[in-house]
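Coordinates in review
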Amino acid sequence: MKKTTYWKSLEELQQSTSPASSGEDLTSTPTPIEILSNNENDKASSRRDFLKWCGISFFSATVLSACENPVKKAIPYLTQPEELTPGKAAWYATTYQHGNEYCPVVVKNRDGRPIKIEGNELSSLTTGGSSARAQASLLGLYDDGARYHHPLKNGNKISWEQADYEIINKLRDISANGGRAALVTSTLLSPATQQLISHVQNMHPELEVITWDAISYEATRKAHIRFFGENVFPQYHFNKAKLIVSFGADFLGTWAAPAIYAKQYAETRKISKDSPHMSRHIQFESYVSLTGANADTRIVLKPSDEKRFLLALYGEMLRQTGQDDYAGTTISDAEFDLKQLASDILEANGYSLVVCGYNDPNCQLLTCAINQMAGNYGKTVAIDNQLMIGQANEESFGSFIDELRSGAYSAVMFYNSNPVYQHPKGELISEALKTLTLSISFSGTRDETAEACDFILPDNHYLESWNDAMFKEGCYSLAQPVIHPIFNTRQMQDSLLKWTGSDMDFHAFVRNFWTERLYPLQTEYGDTQGFWLNSLQKGIFERKAETTRLYNANYQGLPIAADAIRQLISQADGTELVIYPHLAMHDGHMANNPWLQEMPDPITSVTWDNFIAISPAFASKHQLRDGDVIRLHEKVEAPVLIQPGIADECMAVSTGYGRTNAGKVADNRGYNAFMLTGVKNNFRPFSDVLASWEKTGSGFQFARTQTHFSMEGRAIVRESTLDNYKLDPAAGNELHAYHEKHKLTLYPENIYEGHHWALMIDLNACTGCSTCVISCQSENNVPVVGKDEVRRRRIMHWMRIDRYYNGTADNPGIVFQPVMCMHCDHAPCENVCPVSATTHSAEGINQITYNRCVGTKYCINNCPYKVRRFNWFAYADNNRFDYHMNSDMGRMVLNPDVTVRERGVVEKCSFCVQRIQDGKLKAKKERRHLNDGDIVPACVQSCPSGALVFGDLNQKDSRVARLIKDARNYHLLEELHTLPSVGYLTKIRNR
Amino acid sequence: MHNLRKAGKSRKFSTTTACILSVFVLTGFLSLSSFIMASHDENPQDSIHFSRDDLRKGERLFKGLMPFASGLHDCASCHYTSLPDTINWNPSAYDLAITWMNEEDYSIREKLAMPLGTRMIEDHQGMSVTAQEEHLLHAYLWEVARQGPGELKAVPVNAIIFWGLGLLMALALLDMLLTKKIRSKIPHVLIIVVGLVVHMQYAVAESRNLGRTQGYAPDQPIKFSHLIHAGENEIDCQYCHSISRFSLSGGIPSNETCLNCHNVIREGSLSGRFEINKIHQAHESGQPISWIRVHKLPDHSFFNHAQHVNVANIECQSCHGPVETMHLIRQEEDLSMGWCLSCHRDTHVDFTANPYYEIFARLQELMLNGELDAVTAAELGGEDCMKCHY
């Protein structure tokens, strides 16, 4: 068998044998003793300093030990609420939504404060999956620095009564004088809010609602209007597709509904001996997206070429179906065998799926036509029960800006919308707002648009609010408050109700809406109260009946669309720019979230910054190095990052950074790529021909985790192809059998009487989305260390997503591998600990006892998987680490069931032992067996694609016990015979 | 309740890092600390109503240094003026003062004339004070409320022995090396050796007890007697501490739970009405009662009541001691890790009662075959670190 070499960084590929040159300039990294020293010039620490430090610490230890034990109070409730048991968690179902993002969630509430978010398993859309952003949204609740604490008028505190009084008067004047008012919002998923707004519009016809999204899916809707006469964003069934072709759509990462698509996609990627079938996924893209990394075949093209390929594919399909090819573009076989692809699509007979990520109606129209010709509509794509996303209208927003500047509006309100930051004309909007009679922002957290408005009437955090959402037609979910508003804030909807003179609150409004509109749609509950309470408890309501539609396609617009695309392609010349939403930051509204900031981008492993990604060929052609700062379009200056797998003559930039007024974590971090977006024919296509770029000569240093914790090129990931798998299920995993056969050990075999916990990871299903990383951070009180510390390789995440490349740097194959503590039966870390702080439990867990650890770090040294982390500092209550753990409010997010680690101790994944203990206790209390699936660690729970399975190996019928016997199963570095409790299933590619 | 277990930091004992030298210094501080008194604010502000003389006279009157006109002896023999006030069922001077300060226009004379409940009637029979005396007593109580309760001074025996021995050792060393008043070196060596042994013993004992509070029995805001409730009246522990079956927390009962009975029972046999009234006051004012926490584990130890009370059926007394014999709740055990583990090693797990334990199939079989008598908690992993520390 040909040996595949894997590499983690370009330097590694280029055979630089010296470890010092692997990725980063380590010489600039200060040592711990230098950090202690204040004087930058006097780095070397003398013996005197050492003695001084000794003296001081000795003295303070003495004085501290002499303190008496503090008196602690135990204050019970006056009247204990019935639904609340101190020390026991309560779970409430609610919904995370922001613009086009959506996730039904349940929130864990301990002693009155929300401490963890998990996907709602009752939702048929996500079935318990979530996204990193949904997980991290919890931290926003406690962000006292970024959240507005009370209403403001021109920057000064004002009472709600006074604000209401002034606004009602102004609105009345505007109405009387025939002025115009506008409410600018991102796509509203909440039917109750929509109902409320139209109710307000009935009373105030002068109020216009302008829907605008920073990341828009409008073109898809426009194409469907032109093609089917229906204004829909179709629902895609990736699970039904045998062949998936994506043109630049990052549907597993950021495009449309990734959490839902990841689940569907994984369904087609999980294979077993009994059903060795999986979908084939071909991705055409210019930058390296999460989806591209998962594709079986990834074709690297610059944006204009992608469109050329799309057009050529359409032409090919026309020809193959015996029609006149008016596309007029062909691709030479040397470039790609499109003929084969077109015939494969047609052969799939309705079970292929073509998606396109460009917000360009012509491209979307072609995609519609291809899907229709392939017979996919009604099978893998459906326009009934559509998704409600992408309701924005760029054209009306464009004219809104013009009219705003010409003074046509008297009042403007912003809800969930931050155009000053997200629109290239943001500054003009900001200026125009100052001349208005009334400008209101409902933003709950600091943002650029709010700062330009007269009134800031802060909205509650979504965990403090009543709301509902309909993401897919017929799939409703409710949002309920899980905590009383922390600050003096009020829901936007309550403000509107107040101003229209209603004495109803939005809670009652949502309730009425559900009992009046949705109650008649079901037959399960005979009374409205029962229906409401059950919906509230479950968090979701799904209408069973699905409508079916006839697909009367109209091909008339296609020749025009093809012409337009041809014209677009002919204009493309030179370097092109592609703009994509950052996986963690997305549109930037959660930029002040330190969890998301420190989440390594799964592809580049950069934390805390965005960058301009360029290909290695482009870099060598223009003599650019990692971190060289360049200027684009005279607008932004940003560092370049050399990224294998990007199209040559192409630069990829990501949105979500460059906030100027978001809070201490986000401000002035990275650059704002929204400034580079342009509006073409009333759409923001997110790709452009680059007019100009130049080097500035300055440099920049990234905090990348890419080369951290490297396993030095051993057979870490194992992969094979579907054809080989069909011949031999152990294909690519031959080493496993070899090591099983040749294992030798001095140690006695461990006997686990009760449980033996294990985790199985299906590399085929893992998309690398990093939701598990944030979920783990949230569950286990993992601290945020900041960019500098990440650069010193001190990131504290208990699990990481390793990314391996193979092949050439132009278009490498990419494999993701989640790595956490392997909980080895023969753990190398255990027998080197001089104080027995790390030991093996009777249930197979490799334990670390913080209060016993003295911090020798021998275990870190001896761990072959590099999963142990050392607390170099006290990260809680330390001004050096001014993130959520440095304030009383921020610390409310901490899980009381997990110790906050002190400086000087080692920590690592515990298999969420607190959940294991809780799960076992629950079974014991209920006097029953512990069932498979009762215990779910945070990473497993949050995984949208179900790639992780946790369970008890001693339970013969458990899923892990079955999976560990699978021929694809292997362990990391099994030649060391550490006997890990974490197993991996080989990656199988269908090509 | 919600602050019962906060997200805590792990604390490493400083003894692991301190060297032998430090132990001596440390022990000295520890012994000293036992008699460091909480200092009160020492700049008396003259009141609007009361002169300094009034305050002084009032105190003398209250403490019986100056007779009352009616021949009443003193107040302080029943209403203690200093803390701890552990055995005395009568309200302390401080308790009276802060309760009355919240009332408008309170009057001792009126309270004496209209005593509340039989206990107070009996104890205050024939007592009366004049208007002048009342003024002085008001002055004193005002001062007590402002200054807080006084505290009893403990004699620092340990510290005296420690420092005394230290001095003796220093003298012996001095004499042995320099002054040489005593020729024979045997006494010197003896003193130093004995001194060192005693110092070491102190050091070990004190550092072992670092952070431990065995025997801790602080005064509570209400003179609540477990002896009367759990002992004499035989109320089940879980009647009040009901959540201990379900939650990790044992659960201090809410005020409402007290009122279940004390809505009817308004007077206690020992404390009269004064203490029970506090429950009603809390209910009316909406201010929950701030009990002083007695049993507390370090923040890095996770103890779950439900596991022990519900699953293992352990008696509450196994850990909390004979609570039904205590007026004032006291920490009976040292709550050390060794103490936890010794119980885990000795306690037999009842396999038959709970289907959960069927997972231990091999052990079940051995027991059925008679090859094994019993299985202890430790044998099922009860000694694992991560059973309690995570």
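Since the model is a prediction, treat every value here as computed from it, not as a measurement.

**Quick look at the overall build of chain B**
A count of helical and extended segments in chain B gives 16 helices and 3 strands. In chain B, which comprises 390 residues, the share counted as buried stands at 24%. Put simply, of all contacts in chain B between residues at least 6 apart along the chain, 69% involve residues at least 24 apart.

**Some words on the overall build of chain A**
Along its length, chain A carries 30 helices and 42 strands. Relative to the 2.2 N^0.38 estimate, which gives 30 Å for 991 residues, the radius of gyration of chain A is 29 Å and therefore close to what a compact globule would have. Overall, the C-alpha framework of chain A stretches about 80 × 75 × 70 Å when taken along its three principal axes. Within chain A, buried positions represent 56% of all 991 residues. Considering only residue pairs separated by 6 or more positions, chain A has 73% of its internal contacts joining residues 24 or more positions apart.

**A closer look at the sheet that holds strand β26 (residues 636-642) of chain A**
Pairing between sheet strands relies on hydrogen bonds along the backbone, with the strands arranged either parallel or antiparallel. Residue and element names in this part refer to chain A. Read across the open sheet, the 7 strands follow the order β28-β22-β27-β24-β26-β25-β29; overall the sheet is mixed. Looking along the sheet, the strands with just one partner apiece sit at the ends: β28 (687-689) and β29 (693-699). Neighbour-to-neighbour, the strand axes of this sheet turn through a mean angle of 30°, independent of strand direction. Here 3 bridges tie strand β22 (residues 576-581) to β28, and the two strands are oriented antiparallel to one another. Along β28, the bridge assignment pairs Glu576 with Val689.

**Here we look at the sheet that holds strand β17 (residues 438-441) of chain A**
Residue and element names in this part refer to chain A. Spatially, β7-β6-β18-β17-β16-β8-β9 is the arrangement adopted by the 7 strands of the open sheet, whose pairing is mixed. Either end of the sheet is taken by a strand with one partner, and the two such strands are β7 (156-157) and β9 (207-211). Pairing geometry for strand β16 (residues 409-415) and β17, over 4 bridges, is parallel. Looking at the pairing, Ala411 lines up with Leu438 of β17.

**Description of the domain arrangement of chain A**
When the parts of a complex come together, some accessible area is lost, and that lost area is often taken as the interface size. Along its sequence, chain A is carved into domain 1 (6-18 + 707-746 + 754-989), domain 2 (152-216 + 392-538), domain 3 (220-299 + 311-386) and domain 4 (573-704). Distance between the C-alpha centres of domain 1 of chain A and domain 2 of chain A: 43 Å.

**A word on the pairing of strand β5 (residues 113-119) of chain A**
Counted residue by residue, β5(A) has 6 buried out of 7 residues, so it is predominantly covered. Following strand β4 (residues 101-110) of chain A, the chain reverses through 2 residues before pairing antiparallel with β5(A); Asp111(A) in that reversal takes a positive phi of roughly 50°.

**Side note on the environment of Ser286(A)**
Here Ser286(A) lies in the loop between β12 (280-285) and α9 (290-294). Contacts of Ser286(A), omitting those with residues within four sequence positions, involve Gly248(A), Leu301(A), Lys302(A), Pro303(A), Glu306(A), Val578(A), Ile646(A), Ala647(A), Cys650(A) and Ala652(A).

**A word on the pairing of strand β39 (residues 948-952) of chain A**
Residue and element names in this part refer to chain A. Summarising burial for β39: 5 of the 5 residues are buried, a large majority. Burial of the side chains of β39 extends over both faces: Leu948, Phe950 and Asp952 are buried on one face and Val949 and Gly951 on the other. In this structure, strand β32 (residues 757-762) lies alongside β39, joined through 5 bridges in antiparallel fashion. Looking at β39, one finds that Leu759 is bridged to Phe950.

**Considering the confidence of the model for chain B**
Residue and element names in this part refer to chain B. Summarising the model, chain B shows a mean pLDDT of 80, and 85% of its residues fall at 70 or more. Put simply, helix α1 (residues 20-33) is where chain B has its lowest mean pLDDT, 46, and helix α13 (residues 305-311) is where it has its highest, 93. Confidence over residues 1-24 falls short of pLDDT 50; this stretch has 61 contacts with residues more than four positions distant or in other chains. Confidence drops under pLDDT 50 across residues 26-47; counting only partners more than four residues distant or on other chains, this segment forms 35 contacts. This prediction of the complex comes with two scores: 0.88 for pTM and 0.85 for ipTM.

**Observations regarding helix α6 (residues 131-147) of chain B**
Residues and elements named next belong to chain B. Spanning 17 residues, α6 covers 24 Å between terminal C-alpha atoms, matching the ideal 24 Å at 1.5 Å per step. What α6 keeps buried is the set Glu133, Leu136, Leu137, Ala139, Tyr140, Leu141 and Val144. The secondary structure elements touched by the buried residues of α6 are α2 (52-62), α3 (93-101) and α4 (108-113). Positive phi appears at Gly148, one or two residues downstream of α6, with a value of about 85°.

**Section: the packing of helix α12 (residues 361-373) of chain A against helix α20 (residues 558-571) of chain A**
Residue and element names in this part refer to chain A. Running from N to C, α12 and α20 cross one another at 130°; their axes reach a closest spacing of 9 Å. In terms of axis orientation, α12 runs oblique to α20. At the point where α12 passes α20, the crossing takes the left-handed sense. Across the interface between the two elements, Asn362, Cys363, Leu365, Leu366 and Ala369 from α12 touch Leu558, Ala561, Ala564 and Ile565 from α20. Taken together, the residues that form the contact of α12 with α20 break down as 8 nonpolar, 1 polar and no charged.

**Brief notes about the environment of Gln317(B)**
All names here are of chain B. Assignment of secondary structure puts Gln317 in helix α14 (residues 316-320). A residue is classified by how many C-beta atoms lie within 10 Å of it, and Gln317, with 14 of them, is partly exposed. Placed 15 residues apart in sequence, Gln317 and Glu332 show a C-alpha to C-alpha distance of 9.4 Å. Residues within four places of Gln317 in sequence aside, it is in contact with Pro322 and Val323.

**Comments concerning unusual backbone geometry**
Residue and element names in this part refer to chain A. Here Trp608, not a glycine, exhibits a phi torsion of approximately 65°, which is positive. Mapped onto the secondary structure, Trp608 falls in the loop between β23 (606-607) and β24 (612-614). For Phe911, which is not a glycine, the phi torsion comes out positive at approximately 60°. Structurally, Phe911 is set in the loop between β38 (906-907) and α28 (913-925).

**Structural notes on helix α7 (residues 157-179) of chain B**
Counted at 1.5 Å a residue, the expected span for α7(B) with its 23 residues is 33 Å, and the 30 Å between its end C-alpha atoms agrees. Directly beyond the C-terminal end of α7(B), a positive phi value near 50° is found at Lys180(B).

**Section: the confidence of the model for chain A**
For any part of a model where pLDDT is low, the fine detail of the predicted coordinates should not be relied upon. The predicted model of chain A has a mean per-residue pLDDT of 88, with 93% of residues at 70 or higher. Segment residues 16-43 of chain A is flagged for pLDDT under 50; beyond a separation of four residues in sequence, or across chains, it makes 24 contacts in the model.

**Some words on the environment of Gln264(A)**
Residues and elements named next belong to chain A. When you line up the elements, Gln264 lands in helix α8 (residues 258-269). The exposure class assigned to Gln264 is buried, which follows from the 22 C-beta atoms found within 10 Å. For the pair Gln264 and Glu789, spaced 525 residues apart in sequence, the C-alpha separation works out to 38 Å. Discounting residues that sit within four places of it in the chain, Gln264 has contacts with His237, Phe238 and Asn239.

Criteria and thresholds
Residues numbered from 1 in each chain as written. Chains lettered and ligands numbered in written order. Predicted model: local features only at pLDDT ≥ 70, side-chain atom pairs only at ≥ 80, totals over all residues. Helix = DSSP H or I, 4+ residues; strand = E, 2+ residues; numbered from the N terminus. Buried ≥ 20, exposed ≤ 12 C-beta atoms within 10 Å, placed from the backbone. Contact = placed C-beta atoms within 7 Å. Rg over C-alpha atoms; globule rule 2.2 N^0.38 Å. Pairing = 2+ DSSP bridges. Axes fitted to C-alpha atoms, helices over the stretch in contact; angles between N-to-C directions. Domains from an automatic or database assignment. pLDDT = per-residue confidence, 0-100. Expected span 1.5 Å × (residues − 1). Parallel < 35°, antiparallel > 145°, perpendicular 65-115°, else oblique. Left-handed = near helix turned anticlockwise from the far one by under 90°. Nonpolar A, V, L, I, M, F, W, Y, C, P; charged D, E, K, R; others polar.

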